[in-house]
Amino acid sequence: MPAPFRLSILDQSPVSEGSSGAQALKNTLDLAGLADRLGYHRYWVAEHHGGPMLAGPSPEALIGPIAAVTARIRVGSGGVMLPHYSPLKVAETFSLLAGLFPGRIDLALGRAAGTDPLTTFALQRDRRHAPADDFPEQLAELLGYLHDRLPPEHPFARLAKTLPGRPERPEPWLLGSSPQSALWAAELGLPYAFADFINPHGAEITALYRERFAEHEHDGLKPRTAVGVWVICADSEEEARRLAASGRMTFTLLRRGQLIPVPPPETAVAFLAVDRRTAAQPPSQRRAVLGAPATVRAELEEVVARYGAEEAIIVTITYEHQARRRSYELLAEAFQL
């Protein structure tokens, strides 16, 4: 039976132990081409800074090459961490991409730093004081540029007409893992992508989004929800659990402030078996959908239904790139994309 919802991909460009960031970025292009051929709906790339595990600090730099090596799939950010940037610069960059690849560019926006406090400080242009917490104002200004809706008296109003990709424009989304992002998305009439792989207790938050969306008058717009889910699909349940050990080890150490590249499964299995601190810690709250195709399909359908979502955005990290490719191939087969 074909998928009852859309299937998409969020690629965090993982760096494997003994490999390099350059190879991880090449793997991203390879996986994007595969996703395009398999029938996935969209391909988003994430923004993370200052760590050895993920090689994607600049979604805006990756989106063009990905769109160039694919033909059909939507391509975008998952997301751009707006507090680091000027709204005008983001609007110009994504307008340019939309002009080059009409009807295929998404601009999903987030509020998180995507890194640790020191790297956040290094990213600041003005380091004399802490930046203002003005995300709602940034977001409103960015949407004003994209839709040419800045009030005539606004000092930057004329700049909306100078965006390079006009009349094409990206489709904006709001990312979130908390109630506040849901409220902003509802107020602004934006589609909303919830990160279940960060907070697996978001079903009430997406319900809040739809409820508040209906309270605002958005002419012709309907709420749209996507849910980002951590998935590893393999030929057997045992193989899926083995592959997942790499991610378990990296996140176990991340909780202790230790950042490492993605380790081989054998290294991770051995570490988890003897690490006393892991045994003493409460179990991780992160949801992982693991298993053979039939199991993964059933569990993923349950998660998506719980969120009331129209789309699942799949996050998969494995040590071997081929295992990640295989996971997405099996998932596509399971849902008859």
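Details of the structure are given in the entry above.
Residues numbered from 1 in each chain as written. Predicted model: local features only at pLDDT ≥ 70, side-chain atom pairs only at ≥ 80, totals over all residues. Heavy atoms only, no water.

A. Region of interest: the overall build of the protein. A count of helices and strands for the protein gives 12 helices and nine strands. Rg of the C-alpha trace for the protein: 20 Å, near the compact-globule value of 20 Å for 337 residues, within the 12% margin. Counting only residues that meet the buried cut, the protein has 52% of its 337 residues in that class. Look at the contacts in the protein between residues 6 or more apart in sequence, and 73% of them connect residues 24 or more apart. Between the centroid of the 35 positive side chains of the protein and the centroid of its 39 negative side chains there is a distance of 2 Å. (Helix = DSSP H or I, 4+ residues; strand = E, 2+ residues; numbered from the N terminus. Rg over C-alpha atoms; globule rule 2.2 N^0.38 Å. Buried < 20%, exposed > 50% of the residue type's maximum accessible area, 1.4 Å probe, protein only. Contact = heavy atoms within 4.5 Å. Lys, Arg positive; Asp, Glu negative; His and termini not counted. Charge placed at Lys NZ, Arg CZ, Asp CG, Glu CD.)

B. Expanded view of the side chain of serine 8. Here serine 8 is to be found in strand β1 (residues 6-11). Residue class for serine 8 comes out buried when judged on its relative accessible area of 0%. Within the local environment of serine 8, its side chain forms a polar contact with the backbone nitrogen of arginine 42, the two atoms lying 3.2 Å apart. In contact with serine 8, not counting residues within four places along its chain, are Tyr40, His41, Arg42, Glu311, Ala312, Ile313 and Ile314. (Polar contact = N/O pair within 3.5 Å; in protein donor to acceptor, adjacent residues only side chain to side chain.)

C. Just the packing of helix α6 (residues 179-188) against helix α7 (residues 203-215), in detail. Taken N-terminus to C-terminus, the directions of α6 and α7 make an angle of 25 degrees; their axes are 8 Å apart at the nearest point. Between α6 and α7, the interaxial angle falls into the category roughly parallel. The crossing of α6 and α7 is right-handed. In this structure, α6 contributes Pro179, Ala182, Leu183, Ala185 and Ala186 to the contact, and α7 contributes Ile205, Leu208, Tyr209, Arg212 and Phe213. Counted by class, the contact of α6 with α7 contains nine nonpolar, no polar and one charged residues. (Axes fitted to C-alpha atoms, helices over the stretch in contact; angles between N-to-C directions. Parallel < 35°, antiparallel > 145°, perpendicular 65-115°, else oblique. Left-handed = near helix turned anticlockwise from the far one by under 90°. Nonpolar A, V, L, I, M, F, W, Y, C, P; charged D, E, K, R; others polar.)

D. How the structure looks around the packing of aromatic side chains. Applying the stated criterion across every chain yields a total of nine aromatic pairs. A ring pair is formed by phenylalanine 194 and tyrosine 307, whose centres lie 5.6 Å apart and whose planes are at 40 degrees; its orientation type is tilted. With phenylalanine 194 in strand β6 (residues 192-195) and tyrosine 307 in helix α11 (residues 293-307), this pair connects stretches of sequence that are 113 residues apart. Exposure class is identical for phenylalanine 194 and tyrosine 307. Each is buried. (Phe/Tyr/Trp six-rings, centres within 6.5 Å; stacked < 30°, edge-to-face > 60°.)

E. Representation of the environment of proline 2. The topology assignment puts proline 2 in the segment before β1. With relative accessibility at 51%, the residue proline 2 sits in the exposed group. Along the sequence, proline 2 and aspartate 116 sit 114 residues apart, while their C-alpha atoms lie 41 Å from each other. Once you skip the residues sitting within four places of it in the chain, proline 2 turns out to touch Arg297, Phe335 and Gln336.

F. Broad picture of the pattern of salt bridges. Applying the stated rule across the entire model yields 19 salt bridges. We note a salt bridge from arginine 42 to glutamate 311, for which the minimum N-O separation is 2.6 Å. Residue arginine 42 is located in strand β2 (residues 42-45), and its partner glutamate 311 is located in strand β9 (residues 311-315); the two are separated by 269 residues in the primary sequence. Like glutamate 311, arginine 42 is buried. Close ionic contact of arginine 212 with glutamate 215 constitutes a salt bridge, the shortest N to O distance being 3.8 Å. Within this pair, arginine 212 and its partner glutamate 215 are both found in helix α7, separated by three residues, close to a single helical turn. A single network of salt bridges, built from pairs that share partners, joins Asp30, Asp235, Arg325, Arg326 and Glu329. (Salt bridge = Lys/Arg side-chain N within 4 Å of Asp/Glu carboxyl O.)

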